[in-house]
Each structure stands twice: as C-alpha cells, then as structure tokens.
Amino acid sequence: METVEKSLLERTSVRRYERESIPEETMEFIFAAIRNTPTSYNGQQFSVIDISDQALKEKLYELTNQKQLKTCNRLLIFCSDYNKISLLAQKKGLEVPEFTNTMDGVIIGIIDASLAMMSAVVAAQAAGLGSNCVGYLRTVDPAKVSELLQLPKGVFVVCGLALGIPREHPDLKPKQQNSTVFFKNHYTSDNDKLVEDLSKYDEEISHYNATRSGTTTDNDWCGHILEYYKHAMQYQILDYLKAQGYDIKK
Ligand SMILES: Cc1cc2nc3c(=O)[nH]c(=O)nc-3n(C[C@H](O)[C@H](O)[C@H](O)COP(=O)(O)O)c2cc1C
C-alpha cells in the first residue's frame, strides 16, 4: 500500500489500463473506504453502481465516446440517492419532507456522492490502481445512462469512476499555486495580484500541455476551460433531474 503522501501528491488521472482484473480484496478495500465517507447528517445520500459487465461498459462507451469506459476493469458510477431513505420511511410510516425538491437537497446528494468518489480515488491510488473520473456519464445522455442502470426516481448520476491496473503513468499536471487557492481569514481583495498569479499558472499549464509526455497541445488553461464551459451550457441537467423525480422549488 502506498503512503498517504504519495497517494495524494502523486495521483494523476489514468485512462489506459492493463487487461488483468483488479483483485477482489482490493475492490473490498475500495468499497470499505467508500462506505466510511463522511456524509451530510450521516444520511449517506449516495449509492454506487459497480459495473464489470463488458457489454454494459461498451454501451456506456458508445454513448460518451470515453474509451476508458470500455477498457477499464471496473466502472463505479456514483449516484445521489434519496430513494433508499424514502423506502424505509414509507415502511416506517414516516412522512418524507420535500427536501429533494430544494437546491440544498440536490447539493447534499452531489456532495455525498462526490466525497464517496474521492474516497475511492484515494483508496485506488493507494492500492496501486489507476483511476479516472468520467463526468460525461452525467452530461452527454444522462436519461439513457439512467435507463441502462435502471435508476429509480430519487436517484441520479453524479459521476463515473473508471478503475484498472495502470498501463500509463502520465506526468503530474500542475495545479494552481497556494497564493490563488488559499486566502488567509478572508477572500483576497487584491485582484491585481490574483490575476498576476493566475496568469503565471496559465503559462505553466500552456508549457505543460506543450511539453508533456504523450499527446501535446497548444492549449492554455483559461481559454481551454472556458471552451468547456461553453460546451457544458448545452447540457440539459435540470430536465434530467426533473425526470428523476426532482422538482426544485427553492
Ligand atoms: C467531476 C470530474 C469529472 C471528470 N470527467 C472527466 C471525463 O469525462 N473524461 C476524462 O477524460 N476526464 C475527466 N475528469 C478528469 C479531469 O480531466 C482531471 O482530473 C483533470 O484534468 C486534472 O488532471 P489529473 O487528474 O491528472 O490531476 C474528470 C474529473 C472530475 C473531478
């Protein structure tokens, strides 16, 4: 098992995997880490669909064009889930408040599922696996993904996580420096310094993209991310949430 320091500081997304299977005891470790994730109210408002069926992985690949979905050994899909507590409440004759129909209800489910995914990422890294979060499972055709996974009302896809024995070791991607991430006691009011430091980061990423091992690009950071945002504005997430039984009122 890798140290916590190495697992956190040397992690990169890995999108190419060996054909071998992940040992079941390693998956059990990842599941235990997922289950022990801190969650809002200890409500554990998440579930995970564990996919090993190759035909299903291929279908998900066809929808998203994310090759790692069919080449990974295991694909975990993290969902926000209010179905479970609603079922138990029904059995106990308890009224379920319309919490799912609030922004906070939606946010909490997303936070819980995301933290659970992060537990899996760190556990997988510590166990020597490669992982890659796949948001396209939520954005490209979430209705079709939900149909394939037979998600009931109250459950929606937050993100996928492809896992496998690593077949590549990508260069560590530079991240924003401390000065643009951590503000002491209050948010910075020095926008000039903020923009200056962000510009340095923009240059650092441009350099990384131009010189990294594997495929190189001439992408900067800011412009490239804004292109993603532009594209993401086409996603119909509100409609998807409605279809999954969410009616956000406040
Ligand atoms: C919520 C989320 C969704 C992501 N979706 C995708 C995806 O659909 N496809 C992909 O190749 N990488 C995806 N990534 C991986 C990011 O591109 C990656 O984490 C980022 O570029 C930083 O690189 P690093 O993980 O190597 O540090 C996603 C990451 C997160 C956290």
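Residues numbered from 1 in each chain as written. Predicted model: local features only at pLDDT ≥ 70, side-chain atom pairs only at ≥ 80, totals over all residues. Heavy atoms only, no water.

### Quick notes on the state of the cysteines
Where two cysteines share a covalent bond between their sulfur atoms, that bond is called a disulfide.
At step 1: Under the criterion given, the structure shown has zero disulfides.
At step 2: Considering cysteine sulfurs only, Cys 159 is the nearest to Cys 79, which forms no disulfide, with 10 Å between them. (Disulfide = S-S within 2.5 Å.)

### So, the packing of aromatic side chains
At step 1: Applying the stated criterion across every chain yields a total of six aromatic pairs.
At step 2: Centroid distance Phe 156 to Tyr 246: 5.2 Å. Interplanar angle 80°. Geometry classified as edge-to-face. Of the two residues, Phe 156 sits in strand E4 (residues 155-164) while Tyr 246 sits in the segment after helix H12 (237-243), which places them 90 residues apart along the sequence. Each member of the pair, Phe 156 as well as Tyr 246, is classed as buried.
At step 3: Site record: aromatic cluster; members linked through ring pairs are Tyr 82, Phe 99, Phe 156, Tyr 240 and Tyr 246. (Phe/Tyr/Trp six-rings, centres within 6.5 Å; stacked < 30°, edge-to-face > 60°. Helix = DSSP H or I, 4+ residues; strand = E, 2+ residues; numbered from the N terminus. Buried < 20%, exposed > 50% of the residue type's maximum accessible area, 1.4 Å probe, protein only.)

### Re the pairing of strand E2 (residues 74-81)
At step 1: The buried count for E2 comes to eight of eight residues, which makes it a mostly enclosed element.
At step 2: Burial along E2 is two-sided: Arg 74, Leu 76, Phe 78 and Ser 80 facing one way and Leu 75, Ile 77, Cys 79 and Asp 81 facing the other are all buried.
At step 3: Sheet analysis places strand E1 (residues 46-51) next to E2, joined by six bridges and oriented antiparallel. Paired with Ser 47 across the strands is Cys 79, a residue of E2. (Pairing = 2+ DSSP bridges.)

### Topic: the site of the ligand
At step 1: Taken together, 14 residues sit near the ligand, with Ser 13, Arg 15, Gln 66, Lys 173 and Lys 175 positioned nearest.
At step 2: Interatomic distance of 3.3 Å between a side-chain N/O atom of Gln 68 and an oxygen atom of the ligand.
At step 3: Lys 175 has a polar side-chain atom sitting 2.6 Å from an oxygen atom of the ligand.
At step 4: For the ligand, whose free accessible area comes to 620 Å², the fraction covered by protein is 65%.
At step 5: Here the element with the most residues in the shell around the ligand is strand E3 (residues 130-134); it accounts for three residues.
At step 6: When its residues are assigned to classes, the shell around the ligand shows four nonpolar, six polar and four charged. (Near = heavy atom within 4 Å. Polar contact = N/O pair within 3.5 Å; in protein donor to acceptor, adjacent residues only side chain to side chain. Areas by Shrake-Rupley, 256 points an atom, 1.4 Å probe, with all protein chains shown as cover. Nonpolar A, V, L, I, M, F, W, Y, C, P; charged D, E, K, R; others polar.)

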